[in-house]
Amino acid sequence: MFGDMMNMMGKLKETQKKVEETKKRLDTVLIDESSNDGKLKVTLTANRTIKSVTIDDELLQDKEQLEDYLILTLNKAIEKASKINETELAAVAKEGMPNIPGMDLFK
């Protein structure tokens, strides 16, 4: 039993390392999102860090319109990034979890 416990702990540490590596890799996965008319473009990482924002000059004339564009476009990009992030991290966690009875959280 003690050997099984040590094996599980080792596997958990290995999984934790893989999760950290995946998080680092997700910093290099870029998500591009544009408004429907292409007047606003944002790029962020799968870890939801904004890398760039490009705004058409026309939007600079209307503060409220620009704010609306930013909210809609950033929310779409964040949603995509979150899905990628969650899927990748869940896959790593599921792959590395030891078979502990009653702990089938990732199935």
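In what follows, the structure referred to is the one given above.
Definitions and limits used
Throughout this description, residue numbers start from 1 for each chain and increase along the sequence as written. Only residues with pLDDT of at least 70 are given local features in this predicted model, and only at 80 or more are side-chain atom pairs given and counted; all residues enter the totals for whole chains, interfaces and linings. Water and hydrogen atoms play no part in the side-chain values, which are based on all heavy atoms of the structure. A run of DSSP states H or I qualifies as a helix once it reaches four residues; a run of E qualifies as a strand once it reaches two. Both are numbered from the N-terminal end. Only protein chains enter the accessibility calculation, which uses a 1.4 Å probe. A residue is then buried if its area is under 20% of the maximum for its type, exposed if over 50%, and partly exposed in between. Any two residues whose heavy atoms approach within 4.5 Å are treated as being in contact. Every accessible area reported is derived by Shrake-Rupley at a probe size of 1.4 Å, with residue values counting cover from the shown protein chains alone. By definition, two strands form a pair when at least two bridges between them are found by DSSP. Nitrogen and oxygen atoms within 3.5 Å of one another constitute a polar contact, given that in protein one can donate a hydrogen and the other can accept it, and given that sequence-neighbouring residues count only through two side-chain atoms. Patches here are clusters of residues that have more than 30% relative accessible area and form no salt bridge, with a 9 Å joining cutoff for like charges and a 5 Å cutoff for nonpolar side chains (Val, Leu, Ile, Met, Phe, Trp, Tyr). When a carboxyl oxygen of Asp or Glu lies within 4 Å of a side-chain nitrogen of Lys or Arg, that pair is called a salt bridge. Only buried residues count toward a nonpolar core, which is a set of Ala, Val, Leu, Ile, Met, Phe, Trp, Tyr and Cys residues joined through side-chain atoms within 4.5 Å. Lines fitted to C-alpha atoms define the axes, with helix axes restricted to the stretch in contact, and inter-axis angles between N-to-C directions lie between 0 and 180 degrees.

Participant: I'd love a proper account of the overall build of the chain, names of residues and values included.
Facilitator: The secondary structure content of the chain amounts to two helices and three strands. Written out in order from the N terminus, the α and β elements of the chain read α-β-β-β-α. Across the 107 residues in the chain, those meeting the buried criterion constitute 26%. Sequence-distant contacts, at least 24 apart, represent 52% of the contacts inside the chain between residues at least 6 apart. Split by element, the accessible area of the chain, about 7,800 Å² in all, is 55% carbon and sulfur.

Participant: Mind laying out the pairing of strand 1 (residues 30-34), listing which residues take part and the relevant values?
Facilitator: Every second residue of strand 1 is oriented toward a common face, the buried set being Ile31 and Glu33 and the non-buried set Leu30, Asp32 and Ser34. Strand direction decides the pairing type here: strand 1 and strand 2 (residues 40-45), joined by five bridges, are antiparallel. Pairing of Leu30 across the sheet is with Thr45, part of strand 2. Between strand 1 and strand 2, which follow one another and run antiparallel, lie five residues, and Gly38 among them has a positive phi close to 75°.

Participant: Tell me what's going on with the environment of Glu58, and back it up with residues and numbers.
Facilitator: With respect to the helices and strands, the residue Glu58 is situated in the loop between strand 3 (50-55) and helix 2 (63-96). Given a relative accessible area of 43%, Glu58 falls into the partly exposed group. Separated by 19 residues in the primary sequence, Glu58 and Lys39 have C-alpha atoms spaced 7.9 Å apart. At 2.5 Å, the side chain of Glu58 forms a polar contact with the side chain of Lys39.

Participant: Help me get a handle on a nonpolar patch on the surface, residues and values and all.
Facilitator: Taken together, the side chains of Ile50, Val53, Ile55 and Leu60 make up a nonpolar region of the molecular surface, amounting to roughly 330 Å² of accessible area. Along the polypeptide, Val53 turns up in strand 3.

Participant: Before we move on, can you summarise the nonpolar core with the specific residues and values?
Facilitator: Judged by nonpolar contacts, Val19, Leu26, Ile31, Val42, Leu44, Ala46, Leu74, Ala77, Ala81, Leu89 and Val92 together constitute the single largest core of eleven residues. Those elements giving two or more residues to this core turn out to be helix 1 (2-26), strand 2 and helix 2. The element best represented in this core is helix 2, accounting for five residues.

Participant: Explain the sheet that holds strand 2 to me, and be specific about the residues and the numbers.
Facilitator: The strand order 1-2-3 describes an open sheet built from three strands, whose pairing is antiparallel. Lying at the two open borders of the sheet, with one neighbouring strand each, are strand 1 and strand 3. The average angle at which neighbouring strand axes cross in this sheet is 10°, direction not considered. Pairing of strand 2 with strand 3, which is carried by five bridges, proceeds in the antiparallel orientation. Each residue of the ladder has a partner; that of Val42, found in strand 3, is Val53.

Purely geometric numbers; function is a separate question.
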